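Residue-level structure breakdown
As a plain string of letters, each chain reads:
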Amino acid sequence: MGHTHHAALLAAHGHQPLGWQVFEVVAVLLLAAAAFGYAAGLITSRNRGRWPAPRTLAWYAGLLCAAAGLAGPVATAAHTSFTAHMFGHLLLGMLAPLLLVLARPITLALRALPVRQARAVTRLLRSAPIRVLTHPFVAGILNAGGLWLLYTTDLYHLMHSSVLLHAVVHVHIFLAGYVFTASVVGGDPDPHRASFRMRATVLVSFIAAHAILAKWLYAHPPVGVEAADGRAGAQLMYYGGDAVDVGLIVLLFIGWYAATRPRPGGRPAADTV
């Protein structure tokens, strides 16, 4: 059944090769625009003081991870291999967002933009829709809930036969991963940052939901995925997700320590819990 399903996927791609090629080209162009935009921000704000090199490295490493998950050998193999698909998911939905969040793009934008545009960005950050979307609980539901929907319904199969649905799913995986990561451990300005207790609770809940889904997939791979491929993909999701989650936990506690350690005046920062 697995071979039949994979053959059907390949046949479906054969009927619309241009669509899949266009998707990959558009994805690479958007990532290239993000690369040039960050570089422009560095150049424009160079008179505002030194920008930490690790942030720049994190940005470009994150873009490379996203590119690998969207185009190239991994993305091609993902059409017929669940393990390759899961590797791409980890790159696009977990590792790339973490690296991009560490690069603090909003902070760089606020440094580089003229005062009027910077104030517009600040007003947007303070808006009600952004406040809702960036709340850790909402971001966690969108992230974990999207994964459960993808792997426990027919959506996983449908996205391999429709380039539009494929694009929507991957955009969601990336954006949900970024917003969730930023809401929990982001260093960019966040007028609505939740308490440490809330962020820690949501992070632990997300880790549990991700691990339970991986275990469920180990026993119940998507229909049409061969058992060995399904088990390998589920293990990759479990252990690869754990590696990124450990990084999130470390960053969360580093942020908490930085916010609560005594200042020169002997007072800790406001966000203690």
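Cut-offs and rules
- Residues numbered from 1 in each chain as written.
- Predicted model: local features only at pLDDT ≥ 70, side-chain atom pairs only at ≥ 80, totals over all residues.
- Heavy atoms only, no water.
- UniProt positions renumbered as here; feature names shortened; annotations may be inferred.
- Helix = DSSP H or I, 4+ residues; strand = E, 2+ residues; numbered from the N terminus.
- Core = buried A, V, L, I, M, F, W, Y, C linked by side-chain atoms within 4.5 Å.
- Buried < 20%, exposed > 50% of the residue type's maximum accessible area, 1.4 Å probe, protein only.
- Contact = heavy atoms within 4.5 Å.
- Patch = residues over 30% accessible without salt bridge, like charges linked within 9 Å, V, L, I, M, F, W, Y side chains within 5 Å.
- Areas by Shrake-Rupley, 256 points an atom, 1.4 Å probe, with all protein chains shown as cover.
- Salt bridge = Lys/Arg side-chain N within 4 Å of Asp/Glu carboxyl O.

What follows deals with the UniProt feature "transmembrane region" (unreviewed entry) in the protein. The feature "transmembrane region" (unreviewed entry), as given by UniProt, occupies residues 20-45, 57-78, 90-111, 132-151, 163-186, 198-218 and 238-259 in the numbering adopted here. A distance of 30 Å separates the end C-alpha atoms of residues 198-218, which is 100% helix and 0% strand.

The next subject is the nonpolar core. In this structure, F82, L150, Y151, Y156 and L217 are the most contacted members of the largest nonpolar core, which totals 40 residues. Residue assignment for this core shows that the elements contributing at least two residues are helix 2 (17-44), helix 3 (53-70), helix 5 (82-102), helix 9 (136-152), helix 10 (155-158), helix 11 (163-185), helix 12 (196-219) and helix 13 (227-260). Per-element accounting of this core gives the leading share, eight residues, to helix 5. For Y156, the contacting residues outside a window of four places in its chain are F82, H85, L150, Y151, P222 and V225. One finds A139, A144, V202 and L248 within the second-largest nonpolar core, a separate group that totals 17 residues.

Before going further, it helps to examine a nonpolar patch on the surface. A grouping of L18, V22, V26 and L30 is seen on the molecular surface, where their side chains present a nonpolar patch of about 380 Å² in accessible area. Within the secondary structure layout, V22 lies in helix 2. Taking the relative accessible area as the measure of exposure, V22 reaches 42% and is therefore partly exposed.

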